[in-house]
Amino acid sequence: MLELTNIDLTTDLLASRYVKTEIVNVTFAGNAGELMSPEGPNRYQTGDALITGYGGTRWSVARGRFDAKYEAVAPTEPGGAGRYKARPVPVLARQIAEPFTAARSAGGDVLHGEAGDWLLQYGRGDFGVARNERFKQVYKQVV
């Protein structure tokens, strides 16, 4: 299995910019915990966003990052539980041809990808993994 370390997609010629087009359901954690996404564990703290997206996939986003990444969809009030849409903030993404692992900055979780899944870079040291089917449904390339 390919272990990705010291990742920086800004210098990767095979990476491209994409935006997420997904509308998700969000609750906010009442206490610290962990949920399992298909890619691995997601640890979260009190107040962090617990998100359910396409196909029932669940993950967490640190509260400090959530507002920059998502906006409420009426009638949801900002900061309240409900439906949110992804802001059109570009991320770098690269499809990986073999099984791989990558460490998330949030909580230090190690995520696992299968051959054909996508490595996402949200910022320096901040990564995610998206299954190929999900990626094709919710991300659009920025041209």
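The structure under discussion appears in the preceding block.
Being a predicted model, the structure only gives us computed values, none of them experimental.

Our next topic: the pattern of salt bridges. Oppositely charged side chains are able to pair whenever their charged atoms sit close together. Applying the stated criterion across every chain, the model contains 7 salt bridges. A salt bridge links Arg65 to Asp126; its shortest N-O distance comes to 3.1 Å. Pair noted here: Arg65 is in helix 1 (residues 63-69) and Asp126 is in strand 14 (residues 126-130), with a separation of 61 residues, a long-range link. The class for Arg65 is partly exposed, based on a relative accessible area of 23%.

Attention shifts here to the pairing of strand 4 (residues 33-37). With 5 bridges joining them, strand 4 and strand 5 (residues 40-44) adopt antiparallel strand pairing. Residue pairing across strands places Gly33 opposite Tyr44, the latter belonging to strand 5. Hairpin connection from strand 4 to strand 5: 2 residues lie between these consecutive antiparallel strands.

As a further point, take the layout of surface pockets. The calculated volume of the largest pocket comes to roughly 210 Å³. Forming the boundary of the largest pocket are 13 residues, of which Arg65, Lys69, Val89, Val91 and Tyr122 lie nearest the centre. Among the elements that take part in the lining of the largest pocket, helix 1 stands out by supplying 3 residues, more than any other. For the lining of the largest pocket, the residue count by class is 8 nonpolar, no polar and 5 charged.

Moving on, we get to the sheet that holds strand 6 (residues 49-52). On the basis of which strands lie adjacent, the open sheet formed by 5 strands has the order 7-6-3-9-8 and antiparallel pairing. Bordering the open sheet on either side are strand 7 (58-61) and strand 8 (70-72), each of which pairs with just one other strand. Neighbour to neighbour, the strand axes of the sheet diverge by 40° on average, direction disregarded.

Below, the discussion takes up the packing of aromatic side chains. Tallied over the full model, the rule gives 8 aromatic pairs. Taking 6.5 Å as the distance between ring centres and 85° as the angle between the ring planes, the aromatic pair formed by Phe28 and Tyr84 counts as edge-to-face. Remark: Tyr84 occurs in strand 9 (residues 82-86) and Phe28 occurs in strand 3 (residues 23-28); sequence separation between them is 56 residues. Assessed through its relative accessible area of 22%, Phe28 is described here as partly exposed. On the accessibility criterion, Tyr84 (2% relative accessible area) is buried. Here the aromatic rings of Phe66 and Tyr84 are separated by 5.0 Å at their centres, their planes lie at 70°, and the arrangement is edge-to-face. In this pair, Phe66 sits in helix 1 while Tyr84 sits in strand 9, placing the two residues 18 residues apart along the sequence. An aromatic cluster is built from Tyr18, Trp118, Phe135 and Tyr139, whose rings are joined through pairwise contacts. Cation over ring: Lys69 sits above Tyr122, and NZ or CZ is 3.8 Å from the ring centre.

Rules of the game
- Residues numbered from 1 in each chain as written.
- Predicted model: local features only at pLDDT ≥ 70, side-chain atom pairs only at ≥ 80, totals over all residues.
- Heavy atoms only, no water.
- Salt bridge = Lys/Arg side-chain N within 4 Å of Asp/Glu carboxyl O.
- Helix = DSSP H or I, 4+ residues; strand = E, 2+ residues; numbered from the N terminus.
- Buried < 20%, exposed > 50% of the residue type's maximum accessible area, 1.4 Å probe, protein only.
- Pairing = 2+ DSSP bridges.
- 1 Å grid on protein atoms, 1.4 Å probe; cavity = no way out; pocket = protein on both sides within 12 Å on 5 of 7 lines; lining within 4 Å.
- Points joined across faces, edges and corners; volume = space filled by probe spheres on them.
- Nonpolar A, V, L, I, M, F, W, Y, C, P; charged D, E, K, R; others polar.
- Axes fitted to C-alpha atoms, helices over the stretch in contact; angles between N-to-C directions.
- Phe/Tyr/Trp six-rings, centres within 6.5 Å; stacked < 30°, edge-to-face > 60°.
- Lys NZ or Arg CZ within 6 Å of the ring centre and 35° of its normal.

Any functional reading would require information that these geometric values do not contain.
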